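Coordinate analysis (summary)
Next come the chains, spelled out residue by residue.
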Amino acid sequence: MIYESLPALLASKPLPPIILLFGEEDFMLDEAYSKLIQKQLKSDVSGFNFDTIDADNTSAEAVISMANAFPLMAERRVVSIKNFEKYFSGRSNKKNDAKSPFAKYFQSPQPSTLLILRTTASELNGLTSAVSNSKQSEKGQKKLASLKFPYDVLIDKAACLEFPKVYERDVPSWIARRLREKGREISPEAAEFLTAKVGVSLRELNNEIEKILIF
């Protein structure tokens, strides 16, 4: 299932057992990831129920073993994978890959585990817009049909959230929304000035916004 916003996903009780975060705006993706972790682990201070993994140095089999383990003195544990796409680079382009350790798990995930997958897979870019826009319904269906394993399965089985690229023309509007979320307003002219001064990196812009709010 594709979610259109982070608040909608955070409102899920409980959080879905598998969450796929993807998109070109890594700052927004990282921020969403942190909020999901905070929500799930806010009452667990042991640290024993949180595994963060980089696909470069942990096998798929080890990941599934962690995901199937039960939490220690808590309702749920979290297993987080960064660079998830690397498990599938160089593999065949079969529509489904039954040999992958992930295939069986995706069909029946451990309910006491929150598995968060973070990926920069380019084939997913623009998926939310293509699927949700009625004027692009045909394009959206073609894009969905073109997805290979594991993304064809995850779109159906997991909670999916995209963070599409914010283009330069839209950055001032992003700044205004960001400040509005924090209870502040900014004029269009000031937002344009901030963009010209800082650039279009959302991470750097957010740092400047935080400085402004402190001041």
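Whatever comes next refers back to the structure up there.
Notes on the structure follow. (Residues numbered from 1 in each chain as written. Predicted model: local features only at pLDDT ≥ 70, side-chain atom pairs only at ≥ 80, totals over all residues. Heavy atoms only, no water.)

With that settled, consider the sheet that holds strand 6 (residues 159-163). The 6 strands lie next to each other as 1-6-2-5-4-3, forming an open sheet whose pairing is parallel. Among the strands making up the open sheet, the edge pair consists of strand 1 (2-3) and strand 3 (50-54). Both strand 2 (residues 18-23) and strand 5 (residues 113-119) contribute to a ladder of 5 bridges, which runs parallel. From the neighbouring strand, Leu20 faces strand 5, where its bridge partner is Leu117. Helix 2 (residues 26-41) contacts strand 2, strand 3, strand 4 (77-82), strand 5 and strand 6 of the sheet and is inclined by roughly 175° relative to strand 5. The strands touched by helix 3 (residues 60-68) within the sheet are strand 3, strand 4 and strand 5, with strand 4 carrying the most contacts at an inclination of about 160°. (Pairing = 2+ DSSP bridges. Helix = DSSP H or I, 4+ residues; strand = E, 2+ residues; numbered from the N terminus. Contact = heavy atoms within 4.5 Å. Axes fitted to C-alpha atoms, helices over the stretch in contact; angles between N-to-C directions.)

The next thing to look at is the layout of surface pockets. With a probe scaled to a water molecule rolled over the atoms, the places where space remains empty come into view. Of the volumes computed, that of the largest pocket is approximately 730 Å³. Every residue lining the largest pocket is counted, 24 residues in all, and those nearest its centre are Met28, Phe163, Trp174, Arg177 and Glu181. When its residues are assigned to classes, the lining of the largest pocket shows 11 nonpolar, 2 polar and 11 charged. (1 Å grid on protein atoms, 1.4 Å probe; cavity = no way out; pocket = protein on both sides within 12 Å on 5 of 7 lines; lining within 4 Å. Points joined across faces, edges and corners; volume = space filled by probe spheres on them. Nonpolar A, V, L, I, M, F, W, Y, C, P; charged D, E, K, R; others polar.)

Time to look at unusual backbone geometry. Here Lys13 and Pro14 are connected by a cis peptide whose omega angle stands at -5°. Relative to the helices and strands, Pro14 is located in the loop between helix 1 (6-10) and strand 2. Following Phe149, the chain continues into Pro150 via a peptide bond in cis, with omega recorded as 10°. With respect to the helices and strands, Pro150 occurs in the loop between helix 6 (137-146) and helix 7 (151-157).

Don't take any of this as a statement about function, it's just geometry.
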